[in-house]
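# Residue-level structure breakdown
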Amino acid sequence: MDKSMLKYIGKRILISAVTLFIILAVLFLMVKFLPGTPFNDEKLSEGQRAIIMAKYGLDKPIIVQFFTYLKNMLTGDFGISYALYKDLPVSTLVSGAASISFTLGIAAVILGTIIGMILGIVAALHQNHFWDTFATFISVLGVSVPSFVFALLLLIFLGVDLNILPTIYNSEDPIRTSIIPVLALSVSVIANVARFTRTEMIGVLNSDYVQLVKAKGLSRRKLISRHCLRNSLIPVVTIIGPILVNLMTGTMVVEQICGVPGLGKLLINSIRANDYNIILACSFLYSAMYIVMMLIIDISYGIIDPRIRLGKED
């Protein structure tokens, strides 16, 4: 690896680290300015509340609290829950909830990518015909309608009317109870992947080298599998990472509707309870996932195409 590449990677990592630091500082300030405290029990007197605040170090200046939190966070200590799950480690709560959200997100991305690619390929091969119109309609619908609306419709149709799927998530039966949230979350993935695949596939089909291969008499099936499909799907892979992160950050309402004890539900409940440490940990985890994914994609682009690296350096 040459020096320019190392410099490029180092610069990207530094920018990402600074960005995460700024995000954490802003999140910390926002949480501290939330109305109320984690100790809103009416039975507590002002003196008792002050003693509790002093016990957890919440009576110190904000700048001192921030750097104490930052120091502890770098060692993997995200503090304890003040109200929602009193005195339980936040890292344990967040890791358990994140694993559920991540599993749902991965399943929705895999399902959505497969269906979206099939729709996009079929639409490109039948441009301006029924299947193209159908795929376009699905894409517009998936982008326009929020996932939680699909979740509600699926709950009513599959869970209530037909009664073939459970309406509430159950950790003892995670597969069946995850079907509705996964289907609801996969719709936006289907829409984005189908639209992107269709555009790339049409571009490849109309390219000069494909026209040349077609003129040489190569069969349609071999033309598509050997030349069109491979070249059109490479750019699609680059959008899977951001889609996965965006999906995980957009599952909050779906998790609430379907009763999924994931990261989104944990965050919403912690906001209601003013549980500072859980709010910070969940929000920062969302931000860190997005920044890290963008960093990986950015570095990958720099490795694959040096022109991108040189352009950004300039």
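Residues numbered from 1 in each chain as written. Predicted model: local features only at pLDDT ≥ 70, side-chain atom pairs only at ≥ 80, totals over all residues. Heavy atoms only, no water.

### Details of helix α6 (residues 147-161)
Compared with the 21 Å implied by 1.5 Å per residue over 15 residues, the 20 Å span of α6 between its first and last C-alpha is a close match. By the largest-angle criterion, Leu155 marks the main kink of α6, which is about 25 degrees. Considered for burial, the residues of α6 that qualify are Ser147, Phe150, Ala151, Leu154, Leu155, Leu158 and Gly159. Looking at the packing, one finds that the buried side of α6 touches α5 (130-144), α7 (174-205) and α10 (252-258). (Helix = DSSP H or I, 4+ residues; strand = E, 2+ residues; numbered from the N terminus. Expected span 1.5 Å × (residues − 1). Bend = angle between axes of the 7 residues up to and from the residue. Buried < 20%, exposed > 50% of the residue type's maximum accessible area, 1.4 Å probe, protein only. Contact = heavy atoms within 4.5 Å.)

### Things to note about the packing of aromatic side chains
Across all of its chains, the model carries eight aromatic pairs by this definition. On the basis of an interplanar angle of 70 degrees and a centroid distance of 5.5 Å, the ring pair of Phe28 and Phe66 is categorised as edge-to-face. One end of the pair, Phe28, is in helix α1 (residues 3-32); the other, Phe66, is in helix α3 (residues 62-74), and 38 residues separate them in sequence. The buried category is assigned to Phe66, whose relative accessible area is 7%. Taking 6.0 Å as the distance between ring centres and 45 degrees as the angle between the ring planes, the aromatic pair formed by Phe28 and Tyr69 counts as tilted. You can see Phe28 sitting in helix α1 and its partner Tyr69 sitting in helix α3, a full 41 residues away along the chain. Judged by relative accessible area, which is 3%, Phe28 ranks as buried. (Phe/Tyr/Trp six-rings, centres within 6.5 Å; stacked < 30°, edge-to-face > 60°.)

### Quick notes on α5
For α5, spanning 15 residues, the distance from its first C-alpha to its last is 21 Å, which sits close to the expected 21 Å at 1.5 Å a residue. Check the buried side of α5 and you find it contacts α4 (90-125) and α7.

### A look at the side chain of Ser270
For Ser270, the location among the structural elements is in helix α11 (residues 263-272). Accessibility expressed as a relative area gives 0% for Ser270, which makes it buried. A polar contact is formed between the side chain of Ser270 and the backbone oxygen of Leu267, at a distance of 2.7 Å. (Polar contact = N/O pair within 3.5 Å; in protein donor to acceptor, adjacent residues only side chain to side chain.)

### Here we look at the confidence of the model for the protein chain
Mean pLDDT for the protein chain: 82, with 86% of residues reaching 70 or above. Element-level pLDDT for the protein chain is lowest in helix α13 (residues 306-313), with a mean of 54, against a maximum mean of 91 in α3. (pLDDT = per-residue confidence, 0-100.)

### What about the packing of α4 against α11?
Contact geometry for α4 and α11: axes closest at 7 Å, N-to-C directions at 135 degrees. As summarised for this structure, α4 and α11 are arranged oblique, according to the angle between their axes. Across the interface between the two elements, Leu93, Val94, Ala97, Ala98 and Ser101 from α4 touch Leu263, Gly264 and Leu266 from α11. Each residue belonging to the contact of α4 with α11 can be placed in one class, and the counts come to six nonpolar, two polar and no charged. (Axes fitted to C-alpha atoms, helices over the stretch in contact; angles between N-to-C directions. Parallel < 35°, antiparallel > 145°, perpendicular 65-115°, else oblique. Nonpolar A, V, L, I, M, F, W, Y, C, P; charged D, E, K, R; others polar.)

### Regarding the nonpolar core
Core analysis: the biggest nonpolar cluster contains 32 residues, and Leu24, Leu58, Val94, Leu263, Leu266, Cys282 and Phe284 have the highest contact counts within it. Elements represented by at least two residues in this core include exactly α1, α3, α4, α11 and α12 (276-304). Among the elements that line this core, the one with the most residues is α12, at ten residues. (Core = buried A, V, L, I, M, F, W, Y, C linked by side-chain atoms within 4.5 Å.)

### Things to note about the pattern of salt bridges
According to the stated counting rule, one finds two salt bridges in the structure shown. Its salt-bridge partner being Asp173, residue Arg176 comes within 3.5 Å of it at the nearest N-O pair. Classification of Arg176 as partly exposed rests on a relative accessible area of 38%. Residue Asp173 is classed as partly exposed on the basis of its relative accessible area of 26%. (Salt bridge = Lys/Arg side-chain N within 4 Å of Asp/Glu carboxyl O.)

### Regarding the environment of Ser186
Along the chain, Ser186 falls in helix α7. Note on Ser186: relative accessible area 2%, which makes it buried. When the C-alpha positions of Ser186 and Ala107 are compared, they lie 8.2 Å apart, and in sequence the two are 79 residues distant. Not counting residues within four places of it along the chain, the set of residues in contact with Ser186 comprises Ala108, Leu111 and Gly112.

### With respect to unusual backbone geometry
The backbone of Asn128 shows a phi angle near 65 degrees, a positive value even though the residue is not glycine. As for its position among the elements, Asn128 is in the loop between α4 and α5. The backbone of Asn274 shows a phi angle near 55 degrees, a positive value even though the residue is not glycine. With respect to the helices and strands, the residue Asn274 is situated in the loop between α11 and α12.

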